[in-house]
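# A look at the structure
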Amino acid sequence: MSSSSEAQVAQRFDLARYLSGEAARVDRALVDAVAEAEALVPAALREAVRHGVLSDGKRLRPVLCATAYRACGGASPAIHDLAAALELIHAYSLMHDDLPCMDDAPLRRGRPTTHRVLGVEATALAGAALIPLATLRAWRGARALGCDEATAGQIVLELCRAAGAGGMVGGQALDLRAEGARLSAAELDQLHALKTGALLTASLRIGALAAGAPAAILAALDAYGRAIGLAFQITDDVLDATASAEELGKHPSDAALDKTTYVALHGLEAAAARAAAEVARARAALVEVGIDDPALHALAEYVVERRR
Ligand code: GRG
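Let me begin by describing the structure that accompanies this report. (Residues numbered from 1 in each chain as written. Predicted model: local features only at pLDDT ≥ 70, side-chain atom pairs only at ≥ 80, totals over all residues. Heavy atoms only, no water.)

## Focus: the environment of T123
Within the secondary structure, T123 sits in helix α7 (residues 120–144). As for T123 and G52, which are separated by 71 residues in sequence, their C-alpha atoms are 8.2 Å apart. Apart from residues lying up to four places away in sequence, T123 is in contact with A48, M95, H96, L99, T114 and H115. (Helix = DSSP H or I, 4+ residues; strand = E, 2+ residues; numbered from the N terminus. Contact = heavy atoms within 4.5 Å.)

Given below as structure tokens:
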């Protein structure tokens, strides 16, 4: 497909409708997951789990997972139970990231952060409870989709690797260490590849693994995920510098925390151009292996066009 006809396909696709339908399916799976957490955790933590998980997020990671699954030939509606595991990890990361010992944020997803409403102790524990819950749900979700034990194990491995010290938590550690320091462009890319890119990429890989995709397709989705991960983070920096707290649903924080950002390093225009180049790279990775799924193409564009 030529690049102009790809753009037309992405434009014709009704992404807003797609996102709201997918998010509603993810939300149903999350309500189910939270009900299980409520059975597992003491009553004091229930509200913190509910507050952190069921608040109004974009659900980008589970949507990527379900979209990759279908793009690779998967057809079961039960994919959202597996995909919800990614949102559970993401929700815990936001709850912990907002704690006073991290960013000390007052606002998230348009309302007070979980620890401001329910306390630091309940939030720290509820976040911790979400990690094994996500792992359990990933295993069970994969098995319910018909994955054999080896594939379900691979899916759990992908989730744990992306969430752990070699992924999101490692990126967070680099991020904390970088406060007040000046990072090079390569260091900034590495930080965000871990902190944000790893879980986004794992979302796609997990969806593809659940559908039984071959290695070449997994590699292409990996490249797509790494590129949209960078585009996502660059856009986050642009929004942090240009959007209001009301639009973002959280307070812009990069300047206050004295962080190196893409905008600080390159300026607004060059940062936006880099994000657009990453989107093009992501879409080219799909085209190279013949994935012409309109939702995946449109999601790559969405990552830089979003306003929150
Ligand atoms: C405290 C034990 C301990 C560990 C810390 C908190 C943490 C580990 C890592 C957090 C890293 C982090 C917050 C990554 C996410 C960055 C990010 C881009 C968040 C925003 O994602 P969106 O825009 O948010 O998808 P919504 O609200 O739409 O889901």
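## Looking at the packing of aromatic side chains
Scanning all chains against the criterion turns up one aromatic pair. One Lys or Arg, R61, reaches over the ring of F232 and ends 5.7 Å from the middle of that ring. A cation sits over an aromatic face here: R306 above F232, 3.9 Å from the ring centre. (Phe/Tyr/Trp six-rings, centres within 6.5 Å; stacked < 30°, edge-to-face > 60°. Lys NZ or Arg CZ within 6 Å of the ring centre and 35° of its normal.)

## Quick word on the site of the ligand
If you check the shell around the ligand, you find 18 residues, and the closest are K58, R61, H90, S93 and R109. R61 places a side-chain nitrogen or oxygen 2.8 Å from an oxygen atom of the ligand. Here an oxygen atom of the ligand sits 2.7 Å away from a polar atom, N or O, in the side chain of R109. By residue number, the principal contributor to the shell around the ligand is helix α5 (residues 79–97), which donates six residues. (Near = heavy atom within 4 Å. Polar contact = N/O pair within 3.5 Å; in protein donor to acceptor, adjacent residues only side chain to side chain.)

## Some remarks on the pattern of salt bridges
For the structure on display, the rule yields 26 salt bridges. Ionic pairing is found between R70 and E22, a salt bridge with its closest N-O pair at 3.1 Å. With R70 in helix α4 (residues 60–71) and E22 in helix α2 (residues 15–40), this residue pair connects regions lying 48 residues apart in the sequence. With relative accessibility at 32%, the residue R70 sits in the partly exposed group. With a relative accessible area of 3%, E22 lands in the buried category. Here D236 makes a salt bridge to R306, at a shortest N to O gap of 2.9 Å. Here the residue D236 occupies a position in helix α11 (residues 215–242), and R306 occupies one in the segment after α15 (294–305), the gap between them amounting to 70 residues. The class of R306 is buried, set by a relative accessible area of 5%. Look at the salt bridges and you will find they share partners, linking D27, R59, E87 and R109 into a network. (Salt bridge = Lys/Arg side-chain N within 4 Å of Asp/Glu carboxyl O. Buried < 20%, exposed > 50% of the residue type's maximum accessible area, 1.4 Å probe, protein only.)

## What about unusual backbone geometry?
Phi at R59 is positive, roughly 60°, even though this residue is not glycine. One can find R59 in the loop between α3 (43–53) and α4. Judged by relative accessible area, R59 falls into the buried class, the value being 3%. Positive phi values are uncommon outside glycine, yet D104 reaches one of about 50°. Inspection of the secondary structure assignment puts D104 in the loop between α5 and β1 (107–108).

## Some details on α4
With twelve residues, α4 extends 16 Å from end C-alpha to end C-alpha; this agrees with the ideal 16 Å at 1.5 Å per step. The buried fraction of α4 is high, at ten of twelve residues. Of the residues one or two after α4, G73 is the one with positive phi, at around 100°. (Expected span 1.5 Å × (residues − 1).)

## Quick look at the environment of V303
If you trace the backbone, V303 turns up in helix α15. When the C-alpha atoms of V303 and A270 are compared, they prove to be 17 Å apart, with 33 residues separating the residues in sequence.

## Some details on helix α9 (residues 168–178)
Taken together, the buried positions of α9 are occupied by M168, G170, G171, Q172, D175 and A178. Lining the buried residues of α9 we find α5, α8 (149–163) and α10 (185–210). The positive-phi residue at the C-terminal boundary of α9 is G180, with phi of around 80°.

## A look at the nonpolar core
Residues L130, L159, L221, Y224 and L299 are the most contacted members of the largest nonpolar core, which totals 77 residues. Sequence-distant contacts of L221, that is, excluding residues within four places in its chain, are made with A68, C72, L204, A208, L286, I291 and L296. Residues A178, L183, L230 and A275 belong to the second largest nonpolar core, which totals eleven residues. (Core = buried A, V, L, I, M, F, W, Y, C linked by side-chain atoms within 4.5 Å.)

## Observations regarding the environment of T260
Among the secondary structure elements, T260 is positioned in the loop between α12 (245–248) and α13 (262–266). Among the polar contacts made by the side chain of T260, one reaches the main-chain carbonyl oxygen of A181 at a distance of 3.0 Å. Within the local environment of T260, its side chain forms a polar contact with the side chain of R182, the two groups lying 3.1 Å apart.

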